[in-house]
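Architecture and fold: a report
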Amino acid sequence: MAADRFPSPFEVPTPDGAEGWESMYDWYHLFGPERRELDEQRFWFADRLHHPDVLHPYDEIQCECWWQALGAFNTRVFAMPPAFGVDQRIVNGRLYVTPVPAPPEDIAARAEEFGKRAGHYYERWDAIYDEWRTKVMAKLEEIRALRFDPLPDLEPEETVYQHTGHSAGFRMIRDFDRLVLTMYETYQYHFELLNIGYAAYLTFFGMCRAAFPDISDQSISRMVGGLRVDLYRPDDELKRLAKEAVRLGLAERITATEDAASLFADLRSDAAGAEWVADWERTADPWFLINTDPGHPGGYHTYPTWADDPNIPLASVREYLRRLADGTTIDRPTDEVLAERDRITAGYRELLPEAERATFDDTLALARQVFVYIEEHVLYIEHWMWATFWAKSHELSRALAAMGEFDEPEDMFFLRRYEVAEAIYDCVAGWSVGSRPRGADYWRPIIARRREIYTALRAWEPPPALGPPPTTIDEPFTVMLWGITTSTVAEWLRSDSEEGVLRGTAGSPGVVEGPVRVVTHPSELPSIEPGDILVCPATSPSWAPVFGRVAATVSDVGGIMSHTAIVCREYGLPAVVGTGNAVSTLRTGQRVRVDGSAGVVTVLEPV
Amino acid sequence: MSPSWIVGLDDPAAADAALVGGKGAGLRRLVALDARVPTGFVVSTAAFAAAMEGAEDLEASLRDVGPDTPLDVLEQAAGRARAALLGASRSGLVLEAVREAYTALVGPDTRVAVRSSAVGEDAAGASFAGEHDTYLEIRGPGAVADAVARCWASLYTARAVSYRQRAGGDAGAMAVVVQEMVTARAAGVFMTLNPANGDRSTVVCEAVWGLGEPLVSGEVTPDRFVLDKISGEILRREIAVKPTRMTRTDERPGTVVAEVPPEDRDRPCLDDAELAELLAVARRVERDAGTPQDGEFAVADPGGPSRIHLLQTRPETVWSARAPRSATGATGAGSALSAVLATLTRTTRQEGSDHGG
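Calculation notes
Residues numbered from 1 in each chain as written. Chains lettered and ligands numbered in written order. Predicted model: local features only at pLDDT ≥ 70, side-chain atom pairs only at ≥ 80, totals over all residues. UniProt positions renumbered as here; feature names shortened; annotations may be inferred. Helix = DSSP H or I, 4+ residues; strand = E, 2+ residues; numbered from the N terminus. Rg over C-alpha atoms; globule rule 2.2 N^0.38 Å. Buried ≥ 20, exposed ≤ 12 C-beta atoms within 10 Å, placed from the backbone. Contact = placed C-beta atoms within 7 Å. Nonpolar A, V, L, I, M, F, W, Y, C, P; charged D, E, K, R; others polar. Core = buried A, V, L, I, M, F, W, Y, C linked by C-beta atoms within 7 Å. Pairing = 2+ DSSP bridges. Axes fitted to C-alpha atoms, helices over the stretch in contact; angles between N-to-C directions. pLDDT = per-residue confidence, 0-100. Domains from an automatic or database assignment. Parallel < 35°, antiparallel > 145°, perpendicular 65-115°, else oblique. Left-handed = near helix turned anticlockwise from the far one by under 90°. Expected span 1.5 Å × (residues − 1). Arc of directions from axis to C-beta.

- Under the annotation held in an unreviewed UniProt entry, chain B carries the name Phosphoenolpyruvate synthase and is attributed to Actinomycetospora chibensis.
- In UniProt, chain B has this text filed under Cofactor (unreviewed entry): "Mg(2+)".

- As annotated in an unreviewed UniProt entry, chain A carries the name PEP-utilizing enzyme and comes from Actinomycetospora chibensis.

1. As for the overall build of chain A
- A count of helices and strands for chain A gives 20 helices and twelve strands.
- Against the compact-globule benchmark of 25 Å for 607 residues, chain A has a radius of gyration of 25 Å, which places it among compact chains.
- Considering only C-alpha atoms, chain A reaches an extent of 80 × 70 × 55 Å along its principal axes.
- Here chain A, with 607 residues, has 49% of them falling under the buried criterion.
- Of the contacts made within chain A by residues no fewer than 6 positions apart, 70% connect residues no fewer than 24 positions apart.

2. What about the overall build of chain B?
- Within chain B, the secondary structure is distributed over eleven helices and 13 strands.
- Based on the C-alpha atoms only, the size of chain B along its principal axes is roughly 75 × 50 × 40 Å.
- Classification of the 357 residues of chain B by burial places 48% in the buried group.
- Considering only contacts in chain B between residues 6 or more positions apart, those separated by 24 or more positions represent 69%.

3. Concerning the interface of chain A and chain B
- Contact residues are listed per partner, giving 41 residues for chain A and 35 residues for chain B.
- Looking at the side of chain A that touches chain B, the elements that each hand over two or more residues are α3 (107–123), α6 (168–211), α13 (334–350) and α14 (357–402) of chain A.
- At eight residues, α6(A) tops the list of elements feeding residues into the side of chain A that touches chain B.
- Residues that form the side of chain A that touches chain B fall into these classes: 26 nonpolar, eleven polar and four charged.

4. What to know about the nonpolar core
- A:A200, A:Y201 and A:V535 are the most contacted members of the largest nonpolar core, which has 166 residues in total.
- Of all the elements, α6(A) adds the most residues to this core, at 22 residues.
- Leave out the neighbours within four places in its chain, and A:A200 touches A:Y122, A:L366, A:A367, A:V370, B:A336 and B:V340.
- B:A14, B:V42, B:L85 and B:M174 belong to the second-largest nonpolar core, a separate cluster that totals 98 residues.

5. A short note on the sheet that holds strand β9 (residues 234–238) of chain B
Residue and element names in this part refer to chain B.
- In space, the six strands of this open sheet follow the order β9-β8-β7-β6-β12-β13, with antiparallel pairing throughout. With partners counted over all chains shown, the strands left at the sheet margins are β9 and β13 (308–315), one partner each. The mean angle between the axes of side-by-side strands here comes to 15 degrees, regardless of whether they run parallel or antiparallel.
- Alignment of strand β8 (residues 223–228) against β9, held across four bridges, turns out to be antiparallel. Its bridge partner lying in β9, R224 is registered against E238.

6. Digging into the confidence of the model for chain B
All names here are of chain B.
- On average, residues of chain B score 85 in pLDDT, and 90% of them are at 70 or above.
- The low-confidence segment residues 122–130, where pLDDT is below 50, has 17 contacts with residues more than four positions distant or belonging to other chains.
- Contacts from residues 348–357, a stretch scored under 50 in pLDDT, to residues over four places away or in other chains number 17 contacts.
- Reported for the predicted complex are a pTM of 0.83 and an ipTM of 0.83.

7. A closer look at the environment of A:V77
- By secondary structure assignment, the location of A:V77 is in helix α2 (residues 60–77).
- It is 8.8 Å that separates the C-alpha atoms of A:V77 and A:F114, two residues lying 37 residues apart in sequence.

8. Side note on the domain arrangement of chain B
- Taken domain by domain, chain B holds domain 1 (3–180), domain 2 (184–321) and domain 3 (331–357).
- Each of domain 2 of chain B and domain 3 of chain B has a C-alpha centre, and the two are 35 Å apart.

9. Observations regarding the packing of helix α4 (residues 125–145) of chain A against α6(A)
Residues and elements named next belong to chain A.
- Between α4 and α6, the least distance of the axes is 10 Å, while the angle of their chain directions is 165 degrees. Looking at the two axes, α4 sits roughly antiparallel to α6. Crossing geometry of α4 relative to α6 is assigned as left-handed. Contacts between α4 and α6 involve Y129, W132, K135, V136, K139, E142 and I143 on the former and, on the latter, L179, T182, E185, T186, Y189, E192 and L193.
- Considering only residue class, the contact of α4 with α6 consists of seven nonpolar, two polar and five charged.

10. Notes on the sheet that holds strand β2 (residues 83–91) of chain A
All names here are of chain A.
- The sheet built from four strands is open, its strands ordered β2-β3-β1-β4 with antiparallel pairing. Both edges of this open sheet fall to β2 and β4 (465–466), since each of them pairs with a single strand only.
- Against the sheet, α2 makes contact with β2 and β3 (94–101), and its axis sits at roughly 160 degrees relative to β2, the strand it touches most.

11. Let's talk about α4(A)
All names here are of chain A.
- Compared with the 30 Å implied by 1.5 Å per residue over 21 residues, the 30 Å span of α4 between its first and last C-alpha is a close match.
- Looking at α4, one finds that the buried residues are W125, Y129, V136, K139, L140 and I143. In a view along the axis of α4, the buried residues occupy a sector of 100 degrees, so they form one face of it. In α4, the exposed residues that point more than 90 degrees away from the buried face are A127, D130, E131, T134, A138, E141 and A145.
- Where α4 is buried, its residues meet α3, α6 and α14.

12. With respect to the packing of α3(A) against helix α10 (residues 336–345) of chain B
- Close contact between α3(A) and α10(B) brings their axes to 10 Å; oriented N to C, the two are set at 145 degrees. When the axes of α3(A) and α10(B) are compared, the crossing they make is right-handed. Residue-level inspection shows A:I107, A:A111, A:F114, A:G115, A:G119 and A:Y122 of α3(A) in contact with α10(B), the latter providing B:A336, B:L337, B:L341, B:L344 and B:T345.
- Looking at the contact of α3(A) with α10(B) residue by residue, the classes come out as eight nonpolar, three polar and no charged.

13. Digging into the pairing of strand β3 (residues 111–118) of chain B
Residues and elements named next belong to chain B.
- The buried count for β3 comes to seven of eight residues, which makes it a mostly enclosed element.
- Taken together, the four bridges between β3 and strand β4 (residues 134–139) define a ladder with antiparallel strand orientation. By the bridge assignment, V112 is partnered in β4 with I138.
- With seven bridges connecting them, β3 and strand β5 (residues 174–180) associate as antiparallel partners. The residue of β5 that forms the bridge with S116 is V176.

14. Quick look at unusual backbone geometry
- Of the consecutive residues A:D285 and A:P286, the connecting peptide bond is found in the cis state with omega at 10 degrees.
- With respect to the helices and strands, A:P286 occurs in helix α11 (residues 271–287).
- With an omega of 0 degrees, the peptide bond running from B:D301 to B:P302 counts as cis.
- With respect to the helices and strands, the residue B:P302 is situated in the loop between β12 (293–300) and β13.
- Positioned with a positive phi, A:A79 is a non-glycine residue whose angle comes to about 55 degrees.
- Take A:A79: it is sitting in the loop between α2 and β2.
- Of the residues examined, A:A79 has 22 C-beta atoms within 10 Å and is grouped as buried.
- Even without being a glycine, A:N92 presents a positive backbone phi close to 50 degrees.
- Looking at where A:N92 falls in the secondary structure, it is placed in the loop between β2 and β3.
- According to the C-beta neighbour criterion, A:N92 is partly exposed, with 19 such atoms within 10 Å.

Here's what the structure looks like:
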């Protein structure tokens, strides 16, 4: 029996042991009784694309960044005609979102304004993007320069002799504010270009679909993509390092030694090895500043970067060494991809009515222009900025724990950012008066309880959506970014869905069969055997090397523009994305058939 | 015997549609394109004219037939015309020439398909689809000559007569194509656009096990494949349950309907390599013709590479008459910005009806 609506957000039970979870999040992120009438009428879906796991209180900042910035740029800055922002609520530690449509009667006026404002950007796109890179890199340097050390017993001499005029305690308060504000500022820039970029990209998609109703998403993407962008650079650097290792005669040692620390120690003992390690270290900043979250990168403080855990990129280097030894090429076939892009573009173009070819060319040119940003901003912001933000947050947590504000550094992440500001003030005040901070005693029971709640929340399986589903979902950003369509929602509502069949979005064409390998954390990546079907919440660019081994990919979240879909198309692997529950449904070892052209995963043998 | 009675498909003279009919000229074009076409010849319109020379007025019985003529009266009148035609052609040099040409083709036991090829059929703008006869798995000089005569006579089937009444034109001249039978593992039809929506970037193919005739006549549900002309992707595969197939028997000429082994019934009757080959040849044919085409093909047993034979192609007549689908919908052409604005202001209602056809 299919239900006609999802549970009301006001009737979702609290999991056993998670009572009081609401205290972990800011009040404005919770469903409140005073808004029940409005919020109960809205359709909310679990944003597993950006936040597949329970949020730590501190990590709520990640949601806030895009909640505000996406909203402001759609609603207030560019007057995106059909769409306002995307509203957010947290239920049992999971983020639910709802796109807010613009009132239909406003669309025409907004379109006129959008034409002027976005038009200004489109005309100057490359120049604006150059400026953009400069200002974002400046922000990156700003937070890299922040230092969070335990406060000194005595101020350094320069405070006095250079007449600085303020104390290390004040600077800790100030620098935490700066850290947060800088991240917020960067998010303004993130959405300065993103959604108007997507609008151009979507337009090209729509054009192709109107002329060629049967065309695959993959073909349209191929006409736009295939550019040389920085997003692929980290993986290219690993390939380069693998070739260097062969040149220096180090392949065998790198392949034979499991652990990164002992490998690097061993390599440093001779000239060739030391040369390679030095190369690795030079490359690591910035290219290994890569988050490893399964999903949207940078969403959580808990995942290491490649630089934090060199075993992750080393596994890739070993894989490339293996392929080099087999005589297979490891370079991305960029020239072929570009040649194919040009070939199919000419092919479809030729089939258009002649009068429309100029519009097609113009729109394609704009789509290609914006696409560089759509891909590269992920590296600059989702990876570099967030990796640095989390690293600085960890640095702060270590300083506060060292000063006795917390029992251990990880405690800090169980506090909301406003509470962290309180903790810093308490710590600084204690330091200033020559006493001890009160925080450890004050926070200890609160943090202990929140740790229990966090564990209880993680065991909860969130419903895919809440509230009444809309009759149709055609808001272009929802469809494109989250891969959520009218039919996805209908599928969620069907409790009698076909046994052994998972449906998602056709991310990359082709049909293969193979054994499932469920991966939810990057530490599990080395267990992947060649020919496995990778089943994951989502993939991250840091996982790139596994695409040389797997036969296909199935993800819980993502649409045709998700990382999984893009990379699989590039590697020629079938992918079904946005299945919703592949990770919780499929078991490692189970044989499945993945039809990336139809978006269907079929279980061939139950386990 | 005049040499132009029998025209080989490898003879450039077979390009003359007035001589070899629409189907014959179409096959000649495919041969000239280096497409794989079963060996054969055309019994030309000149041969038909020679065979009819001195015959009584064949259409005498049809004089009084009109749009309101009752069906049984029409049937009787058509039957008399056919009988007159068969009587006139039975003796004479023309069918003797057909018997010789058949024997010279590949030997006296070869199975051939005998298909009518009327002048004016299969032209862009008018499809006389299925209005004339086809005889499959014909063996032996006498049987072939007989089938040729029956093809001639099919100018006067009741349906052909009434079709002409609607579409206009006189019976005209009839050529007949005689081609070696392909022992078909699978066969089907293709169209170089999607007839459901006019998408010109696709080739839609339908196919069944065995000979394609039950599919062409609409008796069975075929497998259906939608291929992307540009990217080469197989966009959709709809696999039908195919319990029977039309095939030859070794004992006697003609066709039989046989059971498909259970394990093959719900299996695709074309594999990816065969689809790729079909796509390539369909594209070549379309490019050469300069307009969307449909056609029939067979995969020679046991399938595999280089086994796709084209049996006929002709211009698609429905969508080709219209402009290609629009990429910009009602908004017309313009700058990228105007296209973006159109996308962002399109309502659901417009989404549903933006249709270029």
